[in-house]
Amino acid sequence: MRKLLLMLPLAGLAYLLFWPTGLQPVAWQPQPVPAATGIWAPNQRLDGAVLEQQGLSGPDTVVVDDQGRRYSGIGDGRIVRWRAGEPAQTFVQLDGRPVGLNFGPDGSLYAADEAHAQVWRISPQGQAERVVQSTTQQPFTFLNDVFIARDGRLFFTEASSRWGLADNKLALLEHGGDGKVFVRYPDGRIELVLDGLEFANGVVLAPDESYLLVAETGAYRITRLWLNGPRAGEREVLLDNLPAFPGDLSIAPDGSYWCSFFSPRKAVLDALAPWPLARKIASRLPRALLTKPVTYPFVFRFDGEGRVQETLQASTGANLPSFSSVVQSGDDLLLGSPGGVGEIDADRTYRVRLTVQ
């Protein structure tokens, strides 16, 4: 019995050190978390958020059409639709989990399906077709967001080419730079636009379509790729060292950009960043012991120069979820909440007025 008791800790240590794992962590060094002062100082501007819908499984993104109707994809594969003050109704039933949503110039709604790595196009009449799907020649793993140019080009993000939705924490732990942005042309051709991204999340084009922006959730930054003009092909970090994990992106009416945070940065994750072996050991722990996201209702607006213009946060007692998306409609912000993440999943959508009456 004594030998057995001695062997158990050794066996556990051997498991943590040597058990095979698919994780291939890359060393990196995050900057210190910016202080919660100045533009990042706490405020209660989200405390007045009004509940629009509840009982929906992870309504990740809320977008609005030219008639003021809201749309959101939920966990059972449906995209639901509603008007302010009315209950949600099923618009279309899909096979998958539609998350990132955006309208195209022809009025069709496009949806990135993170469960089956495909993109759907849904006509205004609710007829759905797959326009991007994983194939042997072009495999996809974890698609996240979509944005449609005026000429019909479809830009979409792949958060990770190695890890799927169920392993989103491992994708962040690995920090392997396997996120990408692709473009699908109207003739069906698909090309890689940008790679080496750390968990590619929200994507938008500039109002003049001269560049694209992508949120790198795993690197706490917003990256820009110039698409045309004298800087075409040039890549740069527009906004770096954010205090939390950035999620979805959208364009404000004045041409600036909204971004959501879904969880604050985790001290243990930053501390382990330079130590690949320690992160490989962490990957062998039961998933329940991995560092967890926490609820963090926080959105912000920034401009094309990388300057943060404003933030909206909530007080502790506001009882709001994290917000996975933020879209401005008139003087209101429409806010979706995450699903498929785990600990911070929610079932509600909100709106908040930007100006106080």
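Bear in mind that the values here come from a model prediction, so they are computed numbers and not experimental data.

Participant: Explanation requested: the overall build of the protein chain in the structure shown.
Facilitator: Scanning the protein chain from terminus to terminus reveals 4 helices and 24 strands. Relative to its length of 357 residues, the protein chain is compact, with a C-alpha radius of gyration of 21 Å against a globular reference of 21 Å. If one aligns the C-alpha atoms of the protein chain with their principal axes, the spans along those axes are about 75 × 50 × 45 Å. When burial is assessed residue by residue, the protein chain has 52% of its 357 residues classed as buried. Counting contacts in the protein chain only where the partners sit at least 6 residues apart, residues at least 24 apart contribute 54% of the total. In the form shown here, the protein chain has an accessible surface area of approximately 15,700 Å², with 53% of it arising from carbon and sulfur atoms.

Participant: Mind showing me how you'd approach the sheet that holds strand β1 (residues 50-53) here?
Facilitator: Two pairing modes exist for strands in a sheet, parallel and antiparallel, and in both the strands are linked by backbone hydrogen bonds. Taken together, the 4 strands give an open sheet; going across it, the order is β1-β24-β23-β22, and neighbouring strands pair in antiparallel fashion. The sheet terminates laterally at β1 and β22 (325-329), the two strands that pair on one side only. Each strand axis lies, on average, 30 degrees off the axis of its neighbour in the sheet, ignoring direction. Across 4 bridges, strand β23 (residues 332-336) lies against strand β24 (residues 349-353) in antiparallel orientation. Following the sheet pairing, Leu 334 is matched in β24 by Arg 351.

Participant: Sorry if this is basic, but what is going on with the packing of aromatic side chains here?
Facilitator: The description of an aromatic ring pair rests on the distance of the ring centres and on the angle between the ring planes. Counted according to the given criterion, the structure contains 20 aromatic pairs. For the ring pair Trp 40 and Phe 300, a centre distance of 5.6 Å and an interplane angle of 75 degrees mean the geometry is edge-to-face. Taken together, the positions of Trp 40 in the loop between α1 (2-18) and β1 and Phe 300 in strand β20 (residues 298-302) put the pair 260 residues apart, joining distant regions of the chain. Chaining the aromatic ring pairs together yields one cluster made of Trp 40, Tyr 257, Phe 261, Tyr 296, Phe 298, Phe 300 and Phe 302.

Participant: Where do I start with the UniProt feature "domain: SMP-30/Gluconolactonase/LRE-like region" (unreviewed entry) in the protein chain in this structure?
Facilitator: The UniProt entry lists residues 72-263 under the feature "domain: SMP-30/Gluconolactonase/LRE-like region" (unreviewed entry), expressed in the numbering used here. Taken as a whole, residues 72-263 contains 4% helix and 52% strand, while its terminal C-alpha atoms sit 21 Å from one another.

Participant: Can you walk me through the pattern of salt bridges in this structure?
Facilitator: Opposite charge on two side chains allows them to pair when their charged atoms are near. Applying the stated criterion across every chain, the model contains 25 salt bridges. With a shortest N-O distance of 3.9 Å, Glu 209 and Arg 150 are connected by a salt bridge. You can see Glu 209 sitting in the loop between β14 (200-205) and β15 (211-216) and its partner Arg 150 sitting in the loop between β10 (142-148) and β11 (154-160), a full 59 residues away along the chain. The exposure class assigned to Arg 150 is exposed, which follows from its relative accessible area of 56%. A salt bridge links Glu 234 to Arg 231, with the nearest nitrogen and oxygen atoms 2.8 Å apart. Exposure remark for Glu 234: the relative accessible area of 33% places this residue in the partly exposed category. Among the residues examined, Arg 231 registers a relative accessible area of 30% and is labelled partly exposed. What you see here is one network of salt bridges that share partners, running through Arg 45, Asp 254, Arg 301 and Glu 310.

Participant: Could you clarify how one ought to interpret the nonpolar core in this entry?
Facilitator: Leu 212, Leu 213, Ile 222, Leu 242, Leu 249, Phe 300 and Phe 302 are the most contacted members of the largest nonpolar core, which totals 52 residues. Broken down by element, the residue count for this core peaks at 5 residues, all from β15. Ignoring sequence-local partners within four residues, the contact set of Phe 300 consists of Trp 40, Leu 239, Leu 242, Tyr 257, Trp 258, Cys 259, Phe 261, Val 308, Glu 310 and Thr 311. By size, the runner-up hydrophobic cluster in this structure holds 15 residues, among which are Ala 49, Trp 258, Leu 320 and Leu 335.

Participant: Is there a simple way to think about helix α4 (residues 276-283) in this case?
Facilitator: Because the α-helix completes a turn every 3.6 residues, residues three or four places apart line up on one side. All of the buried residues in α4 are Arg 279, Ala 282 and Ser 283. Projected down its long axis, α4 shows its buried positions confined to an angular sector of 100 degrees, all on one face. Where α4 is buried, its residues contact α2 (168-174) and α3 (267-272).

Participant: For this particular structure, what's the right way to read the pairing of strand β18 (residues 244-251)?
Facilitator: When a strand is regular, its side chains alternate between the sheet's two faces. Burial analysis of β18 places 7 of its 8 residues in the buried class, which makes it a mostly covered element. Between β18 and the antiparallel strand that follows it, strand β19 (residues 257-264), lie 5 residues; Gly 255 among them carries a positive phi value of about 90 degrees.

Participant: So what exactly am I meant to see when it comes to the sheet that holds β14 here?
Facilitator: One open sheet holds the 4 strands; their spatial order is β14-β15-β16-β17, and the pairing between them is antiparallel. On the outer flanks of this sheet lie β14 and β17 (235-239), each paired with one strand and no other. Ignoring strand direction, the axes of neighbouring strands in this sheet form an average angle of 30 degrees. Relative to β17, strand β16 (residues 221-226) is paired through 4 bridges, and the arrangement is antiparallel. Residue Leu 225 lies in a different strand from β17, and its bridge partner there is Arg 235.

Participant: What is the right way to look at the environment of Gly 77 in this model?
Facilitator: Along the chain, Gly 77 falls in the loop between β3 (70-73) and β4 (78-82). For the pair Gly 77 and Asp 113, spaced 36 residues apart in sequence, the C-alpha to C-alpha distance is 8.8 Å. Setting aside residues no more than four positions away along its own chain, Gly 77 makes contact with Val 92, Gln 93, Leu 94, Gly 96 and Pro 98.

Criteria and cut-off values
- Residues numbered from 1 in each chain as written.
- Predicted model: local features only at pLDDT ≥ 70, side-chain atom pairs only at ≥ 80, totals over all residues.
- Heavy atoms only, no water.
- Helix = DSSP H or I, 4+ residues; strand = E, 2+ residues; numbered from the N terminus.
- Rg over C-alpha atoms; globule rule 2.2 N^0.38 Å.
- Buried < 20%, exposed > 50% of the residue type's maximum accessible area, 1.4 Å probe, protein only.
- Contact = heavy atoms within 4.5 Å.
- Areas by Shrake-Rupley, 256 points an atom, 1.4 Å probe, with all protein chains shown as cover.
- Pairing = 2+ DSSP bridges.
- Axes fitted to C-alpha atoms, helices over the stretch in contact; angles between N-to-C directions.
- Phe/Tyr/Trp six-rings, centres within 6.5 Å; stacked < 30°, edge-to-face > 60°.
- UniProt positions renumbered as here; feature names shortened; annotations may be inferred.
- Salt bridge = Lys/Arg side-chain N within 4 Å of Asp/Glu carboxyl O.
- Core = buried A, V, L, I, M, F, W, Y, C linked by side-chain atoms within 4.5 Å.
- Arc of directions from axis to C-beta.

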